[in-house]
Amino acid sequence: MLEVSGLNSFYGKAHILNDLSFTVGRGEVVALLGRNGAGKTTTMKSIMQLVHPKSGAVTFEGKDIAGYSAHRVARMGIGYVPEERRIFTDLTILENLEVGRQKPREDAPVWTVDALFEIFPNLSERRNNRGKAMSGGEQQMLTIARTLMGNPKLLLLDEPSEGIAPVIVEQMAKTILRFKREGLTVVISEQNLHFAGIVADRAIIIESGVKKFDGSFSELEKSPEIRDAYLSV
Ligand code: ATP
């Protein structure tokens with residue numbers, strides 16, 4: 001579904017992603033792992049074309065989307081949930097969801113407000129409350145739910161377990177597994193190896209914008225030297 005090949009991304013003169021290549025298959029959940037500053041967010045932004053790579057290709061369903069606008073990428077079916085939550089604090093939860101509504105696609109799960117309220121019961125209970133009254137975890141859930149209202153085929157989630165209470169982290173893991181069952185393809189960026197191991201089928205480790213590992217969590221389990229070298233565990 002997604003192929004990133006030979007990607008080089010910069011901020012000004014700073015060379016952040018270095019010939020980065022990987023693929024994501026339809027229906028897979030892939031975790032991008034790496035320490036703070038390794039380049040995980042930049043990878044997501046480069047897929048989304050919020051950062052335009054200087055060279056390399058980002059092929060989504062057979063089309064190279066490098067150089068497209070982020071808006072066009074979203075319309076093609078990639079949903080992006082950034083680390084910083086983006087909700088409309090003056091709108092209610094329900095209104096926030098309605099703002100995200102897009103036409104259904106044939107080859108992606110179709111989400112309704114009711115289906116999302118079933119997955120996120122906390123949001124349902126407070127559907128008429130304004131966004132500003134919400135906790136960080138609830139804002140994170142709402143950002144994800146609103147992105148799903150766009151019916152994406154591929155969901156990019158930047159650090160979904162970051163800054164939320166442990167009980168919500170557990171709920172978040174179940175939610176991502178539910179998305180997978182519904183047929184969504186998901187890429188998450190994570191520093192929490194345990195969380196990533198629960199939700200993802202495969203791990204890709206990045207260090208200074210270079211890919212250092214691409215494989216299963218059981219392989220990673222057998223390679224403590226890789227974990228020690230590139231992850232903060
Ligand atoms: P984190 O977990 O902290 O988000 P990350 O793996 O997502 O880490 P990135 O946010 O992609 O890492 O950052 C990669 C590198 O790019 C870091 O060295 C960071 O300081 C630098 N960087 C990030 N954003 C910018 C920017 N807007 N301008 C310049 N440098 C940036």
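Since the model is a prediction, treat every value here as computed from it, not as a measurement.

*Asks:* Lay out the sheet that holds strand S2 (residues 14–24) with the relevant residues and their values.
*Replies:* Pairing in this open sheet of four strands is antiparallel, and the strands run S2-S1-S4-S5 from one edge to the other. The strands lining the two open edges of the sheet, one partner per strand, are S2 and strand S5 (63–64). Relative to S2, strand S1 (residues 2–11) runs antiparallel, the two sharing seven bridges. Paired with Glu3 across the bridge in S2 is Thr23.

*Asks:* I'd like to hear about the site of the ligand, residue by residue, with values.
*Replies:* By nearness alone, 13 residues border the ligand, and Asn36, Gly37, Lys40, Thr41 and Thr42 come closest of all. With respect to the ligand, the backbone of Gly39 contributes an N or O atom lying 2.9 Å from an oxygen atom. A distance of 2.5 Å separates an oxygen atom of the ligand from a polar atom in the side chain of Thr42. Burial of the ligand by the surrounding chains reaches 58%, relative to a free accessible area of 630 Å². Ranked by residues supplied to the shell around the ligand, first place goes to helix H1 (residues 40–48) with three residues. Residues that form the shell around the ligand fall into these classes: three nonpolar, six polar and four charged.

*Asks:* So what's going on with the pattern of salt bridges? Which residues, and what values?
*Replies:* In total, this model carries twelve salt bridges according to the counting rule given. The partner of Glu28 in a salt bridge is Arg202, and the shortest N-O contact between them spans 2.9 Å. In this pair, Glu28 sits in the loop between S2 and strand S3 (29–33) while Arg202 sits in strand S9 (residues 202–207), placing the two residues 174 residues apart along the sequence. Here Glu28 matches Arg202 in class, with each residue buried. For the salt bridge of Arg202 with Asp214, the shortest nitrogen-to-oxygen distance reads 2.7 Å. Within this pair, whereas Arg202 is found in strand S9, its partner Asp214 is found in strand S10 (residues 210–215), the two being separated by twelve residues in sequence. Looking at Arg202, the relative accessible area reads 14%, which means it is buried.

*Asks:* Outline H1, listing residues and values.
*Replies:* In terms of burial, H1 is largely enclosed, as seven of its nine residues are buried. Among all positions in H1, only Lys40, Thr42, Thr43, Met44, Ser46, Ile47 and Met48 are buried. Just past H1, the residue Gln49 takes up positive phi, approximately 65 degrees.

Cut-offs used in this document
- Along each chain, the written sequence defines residue order, and numbers are assigned to residues from 1.
- Side-chain atom pairs in this predicted model are given and counted only at pLDDT of 80 or more, local residue features only at pLDDT of at least 70, and totals for whole chains, interfaces and linings cover all residues.
- Each side-chain value is derived from all of the structure's non-hydrogen atoms; neither hydrogens nor water enter the calculation.
- Note on pairing: DSSP must find at least two bridges between two strands before they are called paired.
- Segments assigned H or I by DSSP are reported as helices when at least four residues long, segments assigned E as strands when at least two residues long, and all are numbered from the N terminus.
- The criterion for a residue being near a molecule or strand is simple. One of its heavy atoms has to lie within 4 Å of it.
- Contacts described as polar in this section are N or O atom pairs within 3.5 Å, which, within protein, must combine one atom able to donate a hydrogen with one able to accept it, while residues neighboring in sequence count only if both atoms come from side chains.
- Using the Shrake-Rupley algorithm and a 1.4 Å probe, accessible areas are obtained, with residue cover drawn only from the displayed protein chains.
- Gly falls in the polar group here, along with every residue not listed as nonpolar (Ala, Val, Leu, Ile, Met, Phe, Trp, Tyr, Cys, Pro) or charged (Asp, Glu, Lys, Arg).
- Salt bridge, as used here: a side-chain nitrogen of Lys or Arg that lies within 4 Å of a carboxyl oxygen of Asp or Glu.
- The cut-offs for exposure are 20% and 50% of the maximum accessible area for each residue type, with area from a 1.4 Å probe on protein chains only; residues under the lower value are buried, those over the upper are exposed, and the others partly exposed.

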